[in-house]
Amino acid sequence: MIHSIKKFIRSKKNSIYQNELIDKLSNEHQKLFKIVEKMDKAIEKENKKNIKKLISSFKKELELHILYEDTNLYEHLYLRYYYYDDIRDEIEKKHNQMKKIAQAVEEFIDNHMQLDNFEQFIKDFKVIKDVMLKRVEFEEEVLYDLYDRIYSSDVVLYKLKYNK
């Protein structure tokens, strides 16, 4: 009986489900990557003035994206899988990973806002890009899918654990 109630609750799109959320988050990812692409071009030209502007723009866009993601995507997933401790724990792990990534990006920005060491900036920027690319792939392939579709709890757990 309890299992069927849990299944019913999990299968319902609740009041915080937003049809447009995934499109909005994906568009924000594209916006962030366009800024990164512009930064790559500015780095090639060693246009430090433009890089500083792009770093500032990137920081603002990333902060807005993470806030929106936290209050919409993760909140929905936490509520949907409220009765599944193992799934909720995995969602929390992924959420905490994102928080750590955001913190690393913020430290990168704070450390390089003045571009005092251009060579180190380039090295660190490459690392940040790689981490972000992997994370965005995970979000778009796994988390967005979990948001939009209804799967059995074992499939959800597998997707969260093994789709890095």
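Please read all numbers here as calculations on a predicted model, not as lab measurements. Starting from 1, residues in each chain are numbered consecutively following that chain's sequence as written. At least 70 in pLDDT is required for a residue's local features to be given in this predicted model, at least 80 for side-chain atom pairs to be given and counted, and no such filter applies to totals for whole chains, interfaces and linings, which use all residues. Only hydrogens and water are removed before side-chain values are computed, so all heavy atoms of the structure are retained for them.

Moving on to the overall build of the chain. Numbering of helices and strands starts at the N terminus; helices are DSSP runs of H or I of at least 4 residues and strands are runs of E of at least 2. From N to C terminus, the chain includes six helices and zero strands. When the helices and strands of the chain are listed from N to C terminus, the series reads α-α-α-α-α-α. The buried share among the 164 residues of the chain stands at 40%. In this analysis, two residues are considered to be in contact whenever any of their non-hydrogen atoms come within 4.5 Å of each other. Residue pairs in contact within the chain that sit at least 24 positions apart in sequence constitute 75% of those at least 6 positions apart. Each accessible area is a Shrake-Rupley estimate made with a 1.4 Å probe; only the visible protein chains count as cover when residues are assessed. Accessible surface, the chain: about 10,000 Å² in total, of which carbon and sulfur atoms supply 50%. Using a 1.4 Å probe on the protein chains alone, a residue whose accessible area is under 20% of its type maximum counts as buried, one over 50% counts as exposed, and one in between counts as partly exposed.

Here the focus is the environment of His 112. With respect to the helices, strands and loops of the structure, His 112 is situated in helix α4 (residues 85–112). For His 112 and Ile 122, which are ten residues apart along the polypeptide, the C-alpha to C-alpha distance reads 9.7 Å. The contacts of His 112, once residues within four sequence positions are left out, are Ile 55, Asn 117, Gln 120, Phe 121 and Asp 124.

The next subject is the pattern of salt bridges. Note on definitions: salt bridges are taken to be side-chain nitrogens of Lys or Arg within 4 Å of carboxyl oxygens of Asp or Glu. Overall, the coordinates contain eleven salt bridges when judged by the stated rule. Across the pair Glu 90 and Lys 93 runs a salt bridge, and its minimum N-O distance is 3.1 Å. Taken as a pair, Glu 90 and Lys 93 lie in helix α4 at a separation of three residues, close to a single helical turn. The class for Glu 90 is buried, based on a relative accessible area of 8%. In this structure, Arg 135 engages Glu 139 in a salt bridge whose closest nitrogen and oxygen atoms are separated by 3.4 Å. Pair noted here: Arg 135 and Glu 139 are both in helix α5 (residues 118–148), with a separation of four residues, about one helical turn. Accessibility classification places Arg 135 together with Glu 139 in one group, the buried group. Here the residues in one salt-bridge network are Asp 145, Arg 149 and Lys 159, joined through shared partners.

Relative to the helices and strands, His 65 is located in helix α3 (residues 48–80). According to the relative accessible area criterion, His 65 is buried, its value standing at 3%. If we skip the residues at most four places from it in the chain, His 65 touches Leu 25, Glu 28, His 29, Leu 32, Glu 139 and Tyr 144.

Right, let's talk about the packing of aromatic side chains for a bit. Centre distance within 6.5 Å is the pairing criterion for rings of Phe, Tyr and Trp, where only the six-membered ring of Trp is used; planes under 30 degrees apart are then read as stacked, over 60 as edge-to-face, and the remainder as tilted. Under the defined criterion, the tally for this structure stands at seven aromatic pairs. Taking 6.3 Å as the distance between ring centres and 25 degrees as the angle between the ring planes, the aromatic pair formed by Phe 108 and Phe 125 counts as stacked. Here the residue Phe 108 occupies a position in helix α4, and Phe 125 occupies one in helix α5, the gap between them amounting to 17 residues. Given a relative accessible area of 7%, Phe 108 falls into the buried group.

On to unusual backbone geometry. The backbone of Glu 46 shows a phi angle near 55 degrees, a positive value even though the residue is not glycine. By the element assignment, Glu 46 lies in the loop between α2 (21–44) and α3. Of note, the phi angle at Leu 115 is positive, near 55 degrees, even though the residue is not glycine.

Relative to the elements of secondary structure, Asp 148 occurs in helix α5. Each C-alpha atom, one on Asp 148 and one on Leu 21, is 9.5 Å from the other, the two residues being 127 residues apart in sequence.

Further remarks concern the packing of α3 against α5. Running from N to C, α3 and α5 point in directions that differ by 25 degrees, and their axes come no closer than 13 Å. Relative to α5, the element α3 is oriented roughly parallel. The two elements α3 and α5 meet at a crossing, and its hand is left-handed. Together, Lys 48, Ile 51, Ile 55, Phe 58, His 65, Glu 69, Leu 73, Tyr 74, His 76, Leu 77 and Arg 80 of α3 and Phe 118, Phe 121, Met 132, Arg 135, Glu 139, Leu 143, Tyr 144, Leu 146 and Tyr 147 of α5 make up the contact between the two elements. Amino acids are sorted into nonpolar (Ala, Val, Leu, Ile, Met, Phe, Trp, Tyr, Cys and Pro), charged (Asp, Glu, Lys and Arg) and polar (every other residue, Gly among them). Residues that form the contact of α3 with α5 fall into these classes: 13 nonpolar, two polar and five charged. In this analysis, axes come from line fits to C-alpha atoms, helices being fitted only over the stretch in contact, and the angle between any two N-to-C directions falls in the range 0 to 180 degrees. To sort the angles, those under 35 degrees are grouped as roughly parallel, those over 145 as roughly antiparallel, those from 65 to 115 as roughly perpendicular, and the leftovers as oblique. Each helix crossing is assigned a hand: it is left-handed if the near helix lies turned anticlockwise from the far helix by less than a right angle, otherwise right-handed if that turn is clockwise.

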